[in-house]
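# Structure assessment
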Amino acid sequence: MGKREMNVRSFRARWWRLCLLGGVLAAGLLAAPTPAAQVAEPIAILIEHQVQHLEKAFINRDLHAIQLMLDKDFTIAGQQGETARLVLQAALDQLHQLEAIRVKDIQPLPSGYRVTVDVQMYGLAMERDLKLSPSFRILELNLFQVQFHIVVSWEPLIAPPPQIIADRFRLAANLVLIENVRVNGVTGCMILDTGTSTLLLNSPRLESPATRSAAYHGALGGAGGTTRAVRRLWVSEFEWQDLRLGRFETIGMDLTHLEKQLGCPLLGIIGFRTIRRYDLTVDYDRKEVTLCRLEPGGERVDARRCPAEAIRMPFELAGPLPVIPVTVGGETLRFGVDTGATANVIDRSAHTRLSPAHYRELDRSFYLGVDNRSRAARRMRLHRTRVGPADFDGMIAVVGDLSHLRRDFGIRLDGLLGYEFLRQRPMTLNFIKQELWIGTGLMASDTRLAQPNIKSRLQPMVTR
């Protein structure tokens, strides 16, 4: 055998070995599990932009804007065509509580994209999805649980809104208690809590066959943890002075533990969505609360009876919470303003960023969370504290854990400004202009020098 023939045979052997090895590798790659396909970043940005437009249209109840986003084969609740559009309109008429739609995941499909989102509604975070066409138009909408017997059986009852609501309140356990409120024919008191998204009812006091109680669902979170013991309840009538609403669904939970502490028949909590068309002024010195009806642009309809003199600063909304920058000893933190927080709260992660020179340790106290669990907390007095241009040096705060708000609801905060902050000056929240107004000067009694009005070391922390 010649040298040339041996070289040819050697080449052929190597060639077949390479082909065999390549085949084995290819088979291994085909058999190996492939990671889930991901969309390119520009596509993800376009989809998130589309979801933001959808969120804004739902919050503004702008049916025309939503219809412009729909694909010709749009489906909702298994319905297509004109029926689907009627179902969408009927569902939109009931959406008084939607707060946000946040994208969690995007997966490509043969027909477009599946977008998994967190829908924040009724103060709850619920995972839902929608399908988009290759041109990013909405093919299928699964954001809400549509039930036809509810969709067509009622319409919201909204009386002409009053221009002014001025009422006295009772302070109990550092909470603002509004008395003589009427819900479903029952008269009692309710907590005014801007940190709670919606009207939250005390289900043991109001639950009956007429309330259309539904199964437990969703989650409700606050400074004191997250609870899932939440029900949907039907509201036939809600009345606070001349503010009258009715024929809508909201949520309820057992608030018996709060009712025992507050010493009144507690009907529930008046939250952000109920009063968002007003600016809210709370004056702890006079025990007065004032709601002034706002124009669509945020101006007061009738300013004659509304507080005026104030330092104004902008805020951003995170869920229902106005968020403002607070400077403690030169460290700038993000704090939410919450009338339902019975104390100022600093998140543990933010507390580690403060120098010991910026606070003085006081003692330990206990607070009761939304999940009815008592928690120990360190109390401290903050030094060199400023909110906007105003000095609030010497405020007391407790160290708490707010990480679950970020985990469960996407709300990132370094702390909460509650009773200890709000009691120092009259405060106004304008939710349309997104401005916090801090009353100029001190109150009639300089409450900044006083200790909190605490009858018990066990304090309820009611937020969201």
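Refer to the structure above for everything that follows.
Attention here is on the structure that accompanies the text. Here the structure is a predicted model, which means the values were calculated and not measured.

### Let's talk about the sheet that holds strand β8 (residues 164-168)
Spatially, β8-β21-β20-β33-β34-β22 is the arrangement adopted by the 6 strands of the open sheet, whose pairing is antiparallel. Edge positions in the open sheet fall to β8 and β22 (310-314), since each of these has one partner strand only. The sheet shows a mean angle of 15° between the axes of neighbouring strands, taken without regard to direction. Bridge analysis of strand β20 (residues 278-283) against strand β21 (residues 288-293) gives 6 bridges, and the strand direction is antiparallel. By the bridge assignment for β21, Thr281 is matched with Thr290.

### Description of the packing of aromatic side chains
Per the stated rule, a full pass over the model turns up 6 aromatic pairs. For the pair Phe272 and Phe431, a centre-to-centre distance of 5.0 Å together with 75° between the ring planes defines the contact as edge-to-face. In this pair, Phe272 is assigned in helix α8 (residues 272-275) and Phe431 in the loop between β33 (427-430) and β34 (435-439), connecting sequence segments 159 residues apart. Relative accessible area serves as the criterion here: at 5%, Phe272 is assigned to the buried category.

### Notes on the side chain of Gln120
Residue placement: Gln120 occurs in strand β4 (residues 112-121). Given a relative accessible area of 3%, Gln120 falls into the buried group. Here Arg102 takes part through its side chain, which lies 3.3 Å from a polar atom of the side chain of Gln120.

### Quick word on helix α2 (residues 41-59)
Across its 19 residues, α2 extends 27 Å between first and last C-alpha, which sits within 8% of the 27 Å expected from 1.5 Å per residue. For α2, the full list of buried residues reads Ala44, Ile47, Gln50, Val51, Leu54, Ala57 and Phe58. Looking straight down α2, one finds its buried side chains confined to an arc of 145°; they lie on one side. Exposed residues lying more than 90 degrees from the buried face of α2 are Glu41, Pro42, Ile45 and Lys56.

### So, the pattern of salt bridges
Applying the stated criterion across every chain, the model contains 17 salt bridges. Among the ionic pairs, Glu420 bridges to Arg423, the shortest N-O distance being 3.0 Å. As far as burial versus exposure is concerned, Glu420 and Arg423 are alike and both buried. In the salt-bridge network here, residues are joined through shared partners; they are Glu331, Arg353 and Asp414.

### Considering the sheet that holds strand β3 (residues 98-109)
Read across the open sheet, the 6 strands follow the order β2-β1-β6-β5-β4-β3; overall the sheet is mixed. Only two strands of the sheet have a single neighbouring strand rather than two, namely β2 (79-80) and β3. Summarising the sheet, strand β1 (residues 70-76) and β2 pair through 2 bridges and their orientation is antiparallel. Bridge assignment links Thr75 to a residue of β2, and that residue is Gln80. In the packing of α2 onto the sheet, contacts are made with β3, β4, β5 (124-132) and β6 (138-142), and the angle to β3 comes to roughly 150°.

### A look at the nonpolar core
If you look at the biggest cluster of nonpolar residues, it comprises 57 residues, and the most contacted ones within it are Phe238 and Trp240. Contacts of Trp240, omitting those with residues within four sequence positions, involve Ile165, Asp167, Ile178, Val181, Ile270, Val289 and Leu291. Core analysis: the second largest hydrophobic core is formed by 32 residues, Ile66, Met69, Leu88 and Met121 among them.

### Section: the state of the cysteines
This model, assessed by the stated rule, comprises 1 disulfide. One disulfide in the model links Cys189 with Cys264; its S-S distance is 1.9 Å. On the sign convention where negative is left-handed, the bridge of Cys189 and Cys264, at about 55° about the S-S bond, is right-handed. Of this pair, Cys189 sits in strand β11 (residues 186-192) while Cys264 sits in the loop between α7 (256-262) and β19 (266-270), placing them 75 residues apart in sequence. A relative accessible area of 9% places Cys264 in the buried class.

### Concerning the environment of Leu317
You can see Leu317 is positioned in strand β23 (residues 316-318). Note on Leu317: relative accessible area 28%, which makes it partly exposed. Each C-alpha atom of the pair Leu317 and Gln434 lies 7.6 Å from the other, and the pair is 117 residues apart in sequence. Discounting chain neighbours no more than four positions away, the residues touching Leu317 are Phe272, Pro322, Phe431 and Gln434.

### Topic: unusual backbone geometry
Phi angles above zero are rare outside glycine, and Ala173 is one such case at about 55°. With respect to the secondary-structure elements, Ala173 resides in the loop between β9 (170-172) and β10 (175-183).

Here is what the cut-offs are and how they apply
- Residues numbered from 1 in each chain as written.
- Predicted model: local features only at pLDDT ≥ 70, side-chain atom pairs only at ≥ 80, totals over all residues.
- Heavy atoms only, no water.
- Pairing = 2+ DSSP bridges.
- Helix = DSSP H or I, 4+ residues; strand = E, 2+ residues; numbered from the N terminus.
- Axes fitted to C-alpha atoms, helices over the stretch in contact; angles between N-to-C directions.
- Phe/Tyr/Trp six-rings, centres within 6.5 Å; stacked < 30°, edge-to-face > 60°.
- Buried < 20%, exposed > 50% of the residue type's maximum accessible area, 1.4 Å probe, protein only.
- Polar contact = N/O pair within 3.5 Å; in protein donor to acceptor, adjacent residues only side chain to side chain.
- Expected span 1.5 Å × (residues − 1).
- Arc of directions from axis to C-beta.
- Salt bridge = Lys/Arg side-chain N within 4 Å of Asp/Glu carboxyl O.
- Contact = heavy atoms within 4.5 Å.
- Core = buried A, V, L, I, M, F, W, Y, C linked by side-chain atoms within 4.5 Å.
- Disulfide = S-S within 2.5 Å.

Don't take any of this as a statement about function, it's just geometry.
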